[in-house]
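Listed below, chain by chain, are the residues.
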Amino acid sequence: MSAPAAPEGLAARAHPFTPLVVSLAVVALAFLLPAPAGPLLLAALLIIIAILGGDPRALIPAAWLAVPFWVLLFILHALLGDGPMRTLGPLTLSVHGSALALTQSGRFTAIIVASVLVIRGFRPGRFVDAALEAGWPWTSAYITAATLNAIPRFQERAVRVQEAMRSRGLRVRGTLITRAKAFVPLALPLMLGALHEVDERTFALATRQVRAEGVSRTPLRPPADTALDLTVRWGAVLAVLGAIAWRFVA
Amino acid sequence: MSAIEFSRVSFRYPTSGPVLRDVTFEAPAGRVTWIFGPAGAGASTLLLAAAGLAPGLTGGSLEGSVRILGQDPGSRSGRGAVQGKVAYVTATPYLQLSGMAESVFDEVAFAPANIGWDRARIEAAVPEALARLGIGHLADRIPEELSGGEQQRVVLAAMFVLRPDVWLLDEPTSALDGTGRELVRAFVRAEAERGCVVLFATEDAELGLALADEMVLLDEGSTVARGIPADLLGTELMWAMRAGSTGVGELARAANRLAGERAAHLAPPYPLTVEAAVERWR
């Protein structure tokens, strides 16, 4: 059974609230900053943070998610768009459509890279301890952590199911038709297995006192909330407020 | 007072027919009781009902009375009264990890932290629990990266840390190698000697024979027989129920069937261990 990779990068080292606040700010800024330069620069900044922050591998799943959007937006807006046209080599592109495609691609990319960095760097135990220190109720902290942790767990399970099905002769790679044929044999055990896992985990957690009543959970190792974390979080909030103010003024 | 009492318990899941039918038995403290039957007999469901998880979390309906340490584990007050006193372990250790811990130490500390123990108490209790299961050297490892056998011992330690009075074990050694099985067997026996009630389900007749003081035979959700494992496992009832027996018991029965009426010394009750077979057939 494959174990999950240990979280890497700035998001894993920072106080758990910091990457969450920053990623929410990224979502807001992607739509508030002037287009198309703003979203594109934001995306570029996040790519640099991924590389310099110690988790360049985050860009691989991010690219798998973002590239299809780029292609789709380019076809829809730049190639099929109307208004003034400009010829670029063999292609005739809509000027307005190209700008729109760049803007939306930048937004998607920024949001996707930020989300992937947060999910890959997420450490549920640290998050729960940080949330308890901040006064969250235990169940809210646990449910939030479990939800954010569900994506990597689901991915692990998908890999296990895929390996099991390939060992039974299912072809999961190749042409689009081959992949489409493999979808049902992969999806069905994945979903049924996930439901079974939820049952088993619920039983296990119940007997380990997740539902204990009348007591406050003890945070085991609350992470340090450093001055740098606070600065980054407040910086992100101020950046969003500044962008909102700019939108009103401009 | 028995630590676990089932009185005329019937249970069905929301989408199934009856899984338990009119089950009555008691499991006293200080003894190991084995629930045995063919696949689908209802042993796992019986443990879920004892833990208060069925129908509480599974849904379905339960008739009759389940008492554990004198409380109804399905009621809110009963659950509160037995909080931390009932350990439940299944055959899939990977699914019993909290998913919240970055180390085995934190995994074992999960339940004590949930019931509000202070850090000093947790820091003292966890190493003791790890040592008890022979996994002190794994304290800093990531639980998800351990082997199935190691994870099973982590799960047991994560329950033992609360010093439960009741152990409900569903195929507790399924992921273990020979050494791990022996360790868990010794651990369970020691827990019974500490005064705990142990109720476990396994289809491994060798394990049941070695571990249990008493067995409850289930078939299609009903109690068929109760008794000492050594007395029941060698009888034809086990094959009539399709439950089977130990490896030696299976062999002895096959020999009896081949020999027919010519060999009275091969007749049931069959020997269950190599030692018993040598003694009988010498």
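For clarity, every value in this text was computed on a predicted model and none was experimentally measured.

About the criteria used
- Residues numbered from 1 in each chain as written.
- Chains lettered and ligands numbered in written order.
- Predicted model: local features only at pLDDT ≥ 70, side-chain atom pairs only at ≥ 80, totals over all residues.
- Helix = DSSP H or I, 4+ residues; strand = E, 2+ residues; numbered from the N terminus.
- Contact = placed C-beta atoms within 7 Å.
- Rg over C-alpha atoms; globule rule 2.2 N^0.38 Å.
- Buried ≥ 20, exposed ≤ 12 C-beta atoms within 10 Å, placed from the backbone.
- Nonpolar A, V, L, I, M, F, W, Y, C, P; charged D, E, K, R; others polar.
- Domains from an automatic or database assignment.
- Pairing = 2+ DSSP bridges.
- Axes fitted to C-alpha atoms, helices over the stretch in contact; angles between N-to-C directions.
- Parallel < 35°, antiparallel > 145°, perpendicular 65-115°, else oblique.
- Left-handed = near helix turned anticlockwise from the far one by under 90°.
- Bend = angle between axes of the 7 residues up to and from the residue.
- Core = buried A, V, L, I, M, F, W, Y, C linked by C-beta atoms within 7 Å.
- Right-handed = clockwise from strand over helix to strand, strands pointing away.

**Q** Sorry, what's going on with the overall build of chain A here?
**A** Of the regular secondary structure elements, chain A holds nine helices and two strands. Beginning at the N terminus, the succession of helices and strands in chain A can be written as α-α-α-α-β-β-α-α-α-α-α. Judged by the C-alpha coordinates and their principal axes, chain A covers about 65 × 55 × 30 Å. When contacts within chain A are restricted to residue pairs at least 6 apart in sequence, those whose partners lie at least 24 apart make up 73%.

**Q** Even after reading the chapter, I still don't get the overall build of chain B, so can you show me in this structure?
**A** Across its full length, chain B carries twelve helices and nine strands. For chain B, whose C-alpha radius of gyration is 20 Å, the value lies close to the compact-globule estimate of 19 Å for 282 residues. Seen through its C-alpha atoms, chain B measures out along the principal axes to roughly 70 × 45 × 35 Å. Looking at chain B as a whole, 47% of its 282 residues qualify as buried. Sequence separation of 24 or more characterises 65% of the internal contacts of chain B that already satisfy a separation of 6 or more.

**Q** Can you walk me through the interface of chain B and chain A in this structure?
**A** It is common to give the size of an interface as the accessible area that goes away when the parts come together. Counting residues at the interface gives 35 residues for chain B and 31 residues for chain A. Sorting the residues of the side of chain B that touches chain A by element identifies strand S5 (86–89), helix H3 (93–96), helix H4 (104–114) and helix H5 (119–132) of chain B as the ones contributing at least two each. The leading source of residues in the side of chain B that touches chain A is H4 of chain B, at six residues. Residue classes in the side of chain B that touches chain A are distributed as 19 nonpolar, ten polar and six charged.

**Q** How should the domain arrangement of chain A be read in this particular structure?
**A** Entries for chain A in the domain assignment read domain 1 (8–122) and domain 2 (137–213). Distance from the C-alpha centre of domain 1 of chain A to the C-alpha centre of domain 2 of chain A: 28 Å.

**Q** Just checking my understanding: could you explain the domain arrangement of chain B for this structure?
**A** All names here are of chain B. Domain boundaries assigned for chain B yield domain 1 (1–85 + 164–227) and domain 2 (97–163). Spacing between the C-alpha centres of domain 1 and domain 2 amounts to 24 Å. Taken together, the contact pairs ten residues of domain 1 with twelve residues of domain 2.

**Q** Explain the sheet that holds strand S1 (residues 4–12) of chain B to me, please; I cannot follow it from the model alone.
**A** Strand pairing in a sheet relies on backbone hydrogen bonds, with the paired strands running either antiparallel or parallel. Residues and elements named next belong to chain B. Taken in spatial order, the three strands line up as S2-S1-S4 in an open sheet, and their pairing is antiparallel. Edge positions in the sheet fall to strand S2 (18–27) and strand S4 (61–68), since each of these pairs with one other strand and no more. Pairs of neighbouring strands in the sheet enclose a mean axial angle of 10°, with direction left out of account. Pairing geometry for S1 and S4, over seven bridges, is antiparallel.

**Q** Hey, could you run me through the packing of helix H2 (residues 17–32) of chain A against helix H9 (residues 227–249) of chain A in this one?
**A** A pair of packed helices is characterised by two quantities: the angle between their axes and the separation of those axes. Residue and element names in this part refer to chain A. Relative to each other, H2 and H9 sit at 15°, their axes nearing to 9 Å. Considering their axes alone, H2 and H9 lie roughly parallel with respect to each other. The way H2 lies across H9 gives a crossing that is left-handed. Within the contact between the two elements, H2 uses Phe17, Thr18, Val21, Val22, Ala25, Ala28, Leu29 and Leu32 and H9 uses Asp229, Val232, Arg233, Ala236, Val237, Ala239, Val240, Ala243, Ile244 and Arg247. Taken together, the residues of the contact of H2 with H9 sort by class into 14 nonpolar, one polar and three charged.

**Q** Where do I start with helix H4 (residues 59–79) of chain A in this structure?
**A** An α-helical turn contains 3.6 residues, so a residue and the one three or four places further along point in the same direction. In H4 of chain A, a bend of some 30° at Leu65 of chain A exceeds every other bend along the element, and Pro68 of chain A, a proline, comes one to four places later. The secondary structure elements touched by the buried residues of H4 of chain A are strand S2 (91–94) and helix H5 (95–120) of chain A.

**Q** Would you mind showing me how to read the sheet that holds strand S8 (residues 214–219) of chain B here?
**A** All names here are of chain B. Taken in spatial order, the six strands make up an open sheet running S5-S6-S7-S3-S8-S9, and their pairing is mixed. This sheet does not close on itself; its edge strands, each paired only once, are S5 and strand S9 (222–227). Pairwise comparison of adjacent strand axes, ignoring direction, gives a mean angle of 15° for this sheet. Across four bridges, the pairing between S5 and strand S6 (residues 166–170) is parallel. The residue bridging Ala87 from the neighbouring strand is Trp167, located in S6. Packing against the sheet, helix H7 (residues 178–193) makes contact with strand S3 (32–36), S6 and strand S7 (197–201), and its axis sits at approximately 145° to S7.

**Q** Looking at this model, I keep getting lost on unusual backbone geometry. Mind explaining?
**A** If a residue is not glycine, its phi is most likely negative; likewise, a peptide bond is most likely trans. Residues and elements named next belong to chain B. Omega for the bond connecting Ala54 with Pro55 falls within 30 degrees of zero, at 5°, which places this linkage in the cis form. In the segment running from Pro268 into Pro269, the intervening peptide bond is cis, with an omega of 5°. Note that Pro269 resides in the loop between helix H11 (247–259) and helix H12 (274–281). In this model, Arg163 sits at a positive phi of 50°, which is unusual for a non-glycine residue. Among the secondary structure elements, Arg163 is positioned in the loop between helix H6 (148–160) and S6.

**Q** Would you take a moment to explain the environment of Ala131 of chain A for this structure?
**A** Within the element layout of this structure, Ala131 of chain A appears in helix H6 (residues 124–133). Those residues within four positions of Ala131 of chain A in sequence are excluded, and the remaining contacts are Trp136, Ala141 and Thr144 of chain A.

**Q** Hey, could you run me through the nonpolar core in this one?
**A** As a rule of thumb, soluble globular proteins bury nonpolar side chains together. One finds Val108, Ala157 and Leu168 of chain B to be the most contacted residues of the largest nonpolar core, which totals 130 residues. If you tally residues by element for this core, the top one is H5 of chain A, at ten residues. Discounting chain neighbours no more than four positions away, the residues touching Val108 of chain B are Val126, Ala129, Leu130, Val154, Ala157, Ala158 and Val161 of chain B. Among the nonpolar cores identified, the runner-up in size contains six residues, and Ala78, Leu93, Ala101 and Leu102 of chain A belong to it.

**Q** Help me understand the pairing of S6 of chain B, please; the structure alone is not making it clear to me.
**A** Regular strands place their side chains on alternate faces of the sheet. All names here are of chain B. Extensive coverage of S6 is indicated by the burial of five of its five residues. Judged from the five bridges that link them, S6 and S7 form a sheet pairing that is parallel. From the neighbouring strand, Leu168 faces S7, where its bridge partner is Leu199. Crossover S6 to S7 through H7 is right-handed.

**Q** What am I meant to see in the environment of Ile143 of chain A here?
**A** All names here are of chain A. In this fold, Ile143 is placed in helix H7 (residues 138–167). On the basis of neighbour counts, which here come to 11 C-beta atoms within 10 Å, the residue Ile143 falls in the exposed class. Taking the C-alpha atoms as reference points, Ile143 and Arg166, 23 residues apart in sequence, are found 34 Å from one another.

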